[in-house]
Every structure is written in C-alpha cells, then in structure tokens.
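The primary structure of each chain is shown beneath.
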Amino acid sequence: MSSGAIRNLLTRDTSADRVVPPTGYTAQLTVFVSGAMAFLAVFALALSLASGRLADRWATELAGAATLRINAPADQLAAQTEAALAVLSQTPGVASARALTAEEQIALLSPWFGSDLPLDTLPVPQLIEVIEGEPGMDAAGLRLRLGAEVPGAVLDDHTRWREPLVDAAMSLRRLGWVSILLIGGATAAMITLAANASLAANAQIIEVLRLVGAQDRFIANAFVRRFTYRAFFGAMVGMFLGMTGVLLLPEASDEGGFLTGLGFKGVGWLLPILIPILGATVAFLATWSAASRKLKELS
C-alpha cells in the first residue's frame, strides 16, 4: 500500500466519486457484509481474550497448589493427619500446609450433596491444602515418603486435570484468532465480488472516461475510495452493536464458571476499535486488486 494510494484514499475528490453510483445493491452488500463480519469479529476477539485469561488463571492458581487426601479409619484419621502435616513441614518446596476445617469441607461438598450434609456421620477423608514455594516440591519423592509414613495419604498435585483444562482454554483462544482470520478472508471475498459487479455494471462509463483522457489510476481510486468508506462505515456499526452485545453478557462469577466473564477487561475494550480500521484496510486491498484486474480486462 503506497503512500500515494493512502493519500488519494483520504483526499475526497468529488469528480472521481461520481464515477461510482452512490446507491445500488453493491453498496448495500458492502455495508451489510462489513457490519456483520465486524459484529462476529468482536465476539471472536472477546472469546479469544477471555480464553487466554482463563488459561493463565488456571495455570497460575493451580500450578502452585496441591491437595493431600487422608483416607483412614475414624480412630486413626487425626493421627495420620498430624503425621502428614509433620512430613509436609519438613519437605523442601512446601511453603505452607493446613488441614481444612469441617466447615470448609462442607462448603466443598455442598454443591453436590447440599448444605445440610452430616459430615460427622459420614466417612469423609480429611483434606490438607498444600501451597508450593520456590523452587517447587518434588511430588514423586513426597509421594514415596507419605506412602511409607502415612499409609492413608494420597497426594494430588492437580497436574492430571489441570493440563487438559489449560490446553482446552488455549485451543479456544487459537480458535478465536482463526475465526478472526476467516472473517477477514470472507470479508475480502465478498467485497471483491461486490467491486467486480460494480466495475462490470459501469463498464460503459469506464470506456467513456478513458475516451475523455481519464487514467486507470483515477478510475480505480474512485472505486477503491467508495468501497473503503462503505466498509469502514459498516464495520463501525457492526463494532458498536457487537460491543453492546458483549456488555450484555453476564459478569464473571465463581458460580457461573468459565461461561461468564467472556467480555473485555481493561485496555482490552480498546482493541475492537481496530476492527473498522482493519475492515477498511481489507476493503482497500480487495477493491484495488479487483479494480486493477478488471481495468486490464477492459483494456
């Protein structure tokens, strides 16, 4: 994209603008396609950014934590819990370890069994929260020691189910960016078709302009400028509608899981502003390419 082409795009030329009919189905198609694609791009961008935040949060919060479960008869549960806490206090890489209270364990089980769970009458294992420090603990070595000293202890460092969750979130993030690329490609294809239709419909006008001395660059600039402005206007409308839809999405909450909080955060709200600019750029390139080919065909 040369600086001269950009200057011609930004400089309004009323005589050149009259070359392209201001109305017609090509104008409506360009505005509609640009608006619809910008609307979808906002949601694809929101999904990608939210998935990235989710993956980072899961990787950060769960990587430094582990859970120790004590499965033992009721008369041995307290003794094995104390033994496990003693082992953890002597383990390098363990910043802190504490046994969850009965109230905390009830809170963990209440979503499945209800809040009135009679924990004291059920053989519920004791849970111990383990927080890793720097440079991290040796989970394999800790399991061997616990197996020897605390037979009922089972260490879960969350690796087994944390990694698939993080991978799934990252896959959603990549899917969002791929969707944005596909939206851009579909926009370019539709605008190219609309530009070709407009050029074909105005073939006689182009011939007359050539007869009176108009250069192909002048004619191409007229089509490029009109279609670029149409695409930019449509993308602006679609962007605002998309951001309105994102604002109506539910806020992030622990109860709603990852299905909430799919909007933008902080400076992320400024990123959709790039969508109309990118849409206009795609329209510029697509129309310039279509106009150059069509004018060569009509030569």
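Presented here is a report on the structure given in the accompanying data block. Each chain carries its own residue numbering, running from 1 in the written order of its sequence. Reporting of local features is limited, given that this is a predicted model, to residues whose pLDDT is at least 70; pairs of side-chain atoms are given and counted only at 80 or more, and all residues count toward the totals for whole chains, interfaces and linings. Each side-chain value is derived from all of the structure's non-hydrogen atoms; neither hydrogens nor water enter the calculation.

## Considerations on the layout of surface pockets
Note the following rule: Residues are said to line a cavity or pocket when one of their atoms sits within 4 Å of a point; the points come from a 1 Å grid over protein atoms alone, cavities being sets where a 1.4 Å probe fits but cannot get out and pockets being open sets with protein on both sides within 12 Å along at least five of seven lines. Grid points are joined across faces, edges and corners, and a volume is the space filled by probe spheres set on the points. Put simply, DSSP H or I for four residues or longer makes a helix, DSSP E for two residues or longer makes a strand, and each gets a number counted from the N terminus. Under the scheme applied, nonpolar residues are Ala, Val, Leu, Ile, Met, Phe, Trp, Tyr, Cys and Pro; charged residues are Asp, Glu, Lys and Arg; polar residues are all the others, including Gly.
Quantified by volume, the second largest pocket comes out at close to 410 Å³. In terms of lining residues, the second largest pocket is bounded by 20 residues, among which Ala 41, Ile 180, Ile 275, Leu 278 and Gly 279 are the most central. Within the residue set of the lining of the second largest pocket, elements represented by two or more residues are helix H3 (25–63), helix H7 (159–201), helix H9 (216–247) and helix H10 (274–298). Among the elements that take part in the lining of the second largest pocket, H7 stands out by supplying seven residues, more than any other. Here the residues of the lining of the second largest pocket sort into 16 nonpolar, four polar and no charged.

## A few points about the sheet that holds strand S4 (residues 153–156)
For clarity, the cut-off: Any two strands with at least two DSSP-identified bridges between them are counted as paired. Only the stretch in contact is used when a helix axis is fitted, and all axes are lines through C-alpha atoms; the angle between N-to-C directions ranges over 0 to 180 degrees.
Judged by pairing direction, the sheet is antiparallel, and its four strands sit side by side in the order S2-S3-S1-S4 without closing on themselves. Each edge of the open sheet is held by one strand with a lone partner, namely strand S2 (94–99) and S4. Taken over all neighbouring pairs, the strand axes of this sheet differ in orientation by 20 degrees on average, direction set aside. Judged from the six bridges that link them, strand S1 (residues 65–70) and strand S3 (residues 126–132) form a sheet pairing that is antiparallel. Among the inter-strand pairings, Ala 66 is bridged to a residue of S3, identified as Val 130.

## A closer look at helix H4 (residues 74–89)
The criterion, for reference: How far a helix is expected to stretch is found by multiplying one less than its residue total by 1.5 Å. A simple rule labels every residue: compare its accessible area, found with a 1.4 Å probe on the protein chains alone, to the largest value its type can have, and call it buried under 20%, exposed over 50%, or partly exposed in between. Here, two residues are considered to be in contact whenever any of their heavy atoms come within 4.5 Å of each other.
With 16 residues, H4 should reach 22 Å at 1.5 Å per residue; the first-to-last C-alpha distance of 23 Å fits that figure. Of all the positions in H4, only Leu 77, Gln 80, Thr 81, Ala 84, Val 87 and Leu 88 are classed as buried. Against S1, S2, S3, helix H6 (139–149) and S4 lie the buried residues of H4.

## Regarding the packing of aromatic side chains
Put simply, the rule reads: Note on aromatic pairs: the rings of Phe, Tyr and Trp (six-membered ring only in Trp) are paired at centre separations within 6.5 Å, and the planes decide the class, stacked below 30 degrees, edge-to-face beyond 60, tilted for the rest. Criterion for a charge above a ring: Lys NZ or Arg CZ within 6 Å of the ring centre, and within 35 degrees of the ring normal.
A complete count under the given rule lists three aromatic pairs for this structure. An angle of 10 degrees between the planes, with centres 6.4 Å apart, marks the rings of Phe 284 and Trp 288 as stacked. Residue Phe 284 and its partner Trp 288 are both found in helix H10; the two are separated by four residues, about one turn of the helix. We classify Trp 288 as partly exposed; its relative accessible area is 25%. In this structure, Arg 230 is placed above the aromatic ring of Phe 227, and the distance from its NZ or CZ to the ring centre is 4.9 Å.

## With respect to the packing of helix H8 (residues 203–211) against H9
What counts, and what does not: Rotating anticlockwise by less than a right angle from the far helix to the near helix defines a left-handed crossing, while the corresponding clockwise rotation defines a right-handed one.
Across the interface, H8 lies against H9 with an axial gap of 10 Å and an inter-helix angle of 145 degrees. Both H8 and H9 take part in a crossing whose hand is right-handed. Contact residues: Ile 206, Leu 209 and Arg 210 in H8; Asp 216, Ile 219 and Phe 223 in H9. Class assignment of the residues belonging to the contact of H8 with H9 gives a composition of four nonpolar, no polar and two charged.

## Topic: the environment of Thr 81
Note that Thr 81 resides in helix H4. Considering only alpha carbons, one finds Thr 81 and Gly 152, 71 residues apart in sequence, at a separation of 9.3 Å.

## A few points about the pairing of S3
By the bridge criterion, five bridges tie S2 to S3 in an arrangement that is antiparallel. Paired with Ala 97 across the two strands is Val 130, which belongs to S3.

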